[in-house]
Amino acid sequence: MQNEKIIIDSNIYNNNLDFYTMLKLLVQCHFSAKQLIYIQDLVIKNKENILINSNLLKTLLIDSNIIGKINANKYASLNYFLNTSESINLKMWCEFLDICVDLLLIKDLILQESKVYAFNEQKKELKNIYDMLSIEYDISHLHLPYGQRVISSLLLFALTNANRESNFILNSSNTIVKNFSHKVQILTEQYNLNVNNMFHIIMDESMNQSIKSDAGSSYESRVFSTLSPLVQKINGHSHDSKISSVEYDMTFIFNNKLCGVSAKRTLRERYKQNFEDVKFLDVNYMFFITLGTDLTEDKLTNILQKSGIYIIVSQEEHEARAFLKNNNKVISSKNIKEAFIKIIK
């Protein structure tokens, strides 16, 4: 069966570009939900007068301060946004604004529902994984940000398809979504607008900001949680007093000995910043804690040629790679306590 040919002419391109531009610039205004609703209501109620007198738009929204006191940045952003009305058919601009505001209001609903749904699913996965430094745990941990993206994509599809049954959006939101879908359907037919795809770009940007908590700091937290029950005392980030370029993601006391930790999911070249014999440092022992996925024999040899340095890797990598398993200075994540008792004296 032959696929239907996709036709994009200058009219379709320009309408979708205008819509995306308006949506993007409205996002950059950083208005509260209350301010967005006020702007939407103001434009809808004065639409006929705005179509007769385009200058009325700026008078209503800026000169009268009717949306309340806003700071200089929001004022400038709103003024810039309103300039789009000068290059777009005013009737279309008013209709696009209506949908843009609806989308931004619904965006928060999608972000929250995606987060809650993905978080609950992740909790089920992690429930029976006890080694927080294993690759199995690491992959499951990624399901939170990845799951949020998946759920948000599914919800986006439900938003712009009035006939689709959704298993994700709360029942209380169904009426809002149905009304919104009806609006979208009308604009799609009238202006060849692809609201779903245009909104998907904005949604993706918001999703990235929402889950920006970086995997590195997340891994560091898991290292902290793993070590805390095993050691006498644990402290946060610090620099070595003797060689200030050497930094510790954390330090801990075990058997009255000070130990430094560099916690990185993957070492890459960052291990070189802590590449010193411990006799020149404040600590008695230095532990590189990593998944081990990017460790090579050459990198391992370079690190371990210095005295007092050990590497802790995920149990999967330790079992799978002979050069890790056969090196007595490389520790499996499932045997950390036993290794500390044996090494730190």
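Above this text is the structure in question.
Residues numbered from 1 in each chain as written. Predicted model: local features only at pLDDT ≥ 70, side-chain atom pairs only at ≥ 80, totals over all residues. Heavy atoms only, no water.

Student: Account for the side chain of S332, naming residues and giving values.
Tutor: For S332, the location among the structural elements is in strand β8 (residues 330-332). Since its relative accessible area comes to 3%, S332 is described here as buried. Residues in contact with S332, not counting those within four places in the same chain, are V313, Q315 and H318. (Helix = DSSP H or I, 4+ residues; strand = E, 2+ residues; numbered from the N terminus. Buried < 20%, exposed > 50% of the residue type's maximum accessible area, 1.4 Å probe, protein only. Contact = heavy atoms within 4.5 Å.)

Student: Help me get a handle on the pattern of salt bridges, residues and values and all.
Tutor: Throughout the structure, instances matching the rule amount to 13 salt bridges. Note that K124 and E121 form a salt bridge whose closest N and O atoms lie 3.0 Å from each other. Of this pair, K124 and E121 both sit in helix α6 (residues 90-126), three residues apart, roughly one helical turn. Within the structure, one salt-bridge network assembled from shared partners comprises K47, K91 and E95. (Salt bridge = Lys/Arg side-chain N within 4 Å of Asp/Glu carboxyl O.)

Student: How would you sum up the nonpolar core? Please name residues and give values.
Tutor: In this structure, F19, L26, F81, W93 and L97 are the most contacted members of the largest nonpolar core, which totals 48 residues. Looking at this core, the elements with two or more residues in it are α1 (10-27), α2 (33-45), α4 (56-63), α5 (72-82), α6, α7 (135-159), α8 (174-191) and α9 (195-210). For this core, the element with the most residues is α6, which contributes 14 residues. Other than its neighbours up to four places away in sequence, L97 contacts M22, L26, I39, V43 and F81. Counting 25 residues, the second largest nonpolar core, distinct from the first, contains V223, I289, L291 and I344. (Core = buried A, V, L, I, M, F, W, Y, C linked by side-chain atoms within 4.5 Å.)

Student: Please provide a residue-by-residue account of the sheet that holds strand β4 (residues 250-254), values included.
Tutor: Pairing within the open sheet is mixed, and its six strands lie in the order β1-β4-β5-β6-β7-β8. The outermost strands of the open sheet, each flanked by one partner alone, are β1 (233-235) and β8. Adjacent strand axes in the sheet meet at a mean angle of 25°, parallel and antiparallel pairs treated alike. As judged from the five bridges shared by β4 and strand β5 (residues 257-263), these two strands associate in the antiparallel manner. Looking at the pairing, F254 lines up with K257 of β5. Sheet contacts for helix α11 (residues 297-304): β6 (285-289), β7 (309-313) and β8; angle to β7, the most-contacted strand, approximately 140°. (Pairing = 2+ DSSP bridges. Axes fitted to C-alpha atoms, helices over the stretch in contact; angles between N-to-C directions.)

Student: Any chance you could break down α2 for me, citing the residues and the numbers?
Tutor: In this model, α2 (13 residues) spans 18 Å end to end at C-alpha, consistent with the 18 Å of a helix rising 1.5 Å per residue. Among the residues of α2, those classed as buried are Q35, L36, I39, Q40, L42 and V43. Along the axis of α2, the buried positions cluster into a sector of 165°, meaning they face one direction only. The outward face of α2, more than 90 degrees from its buried face, is lined by the exposed residues K34 and K45. (Expected span 1.5 Å × (residues − 1). Arc of directions from axis to C-beta.)

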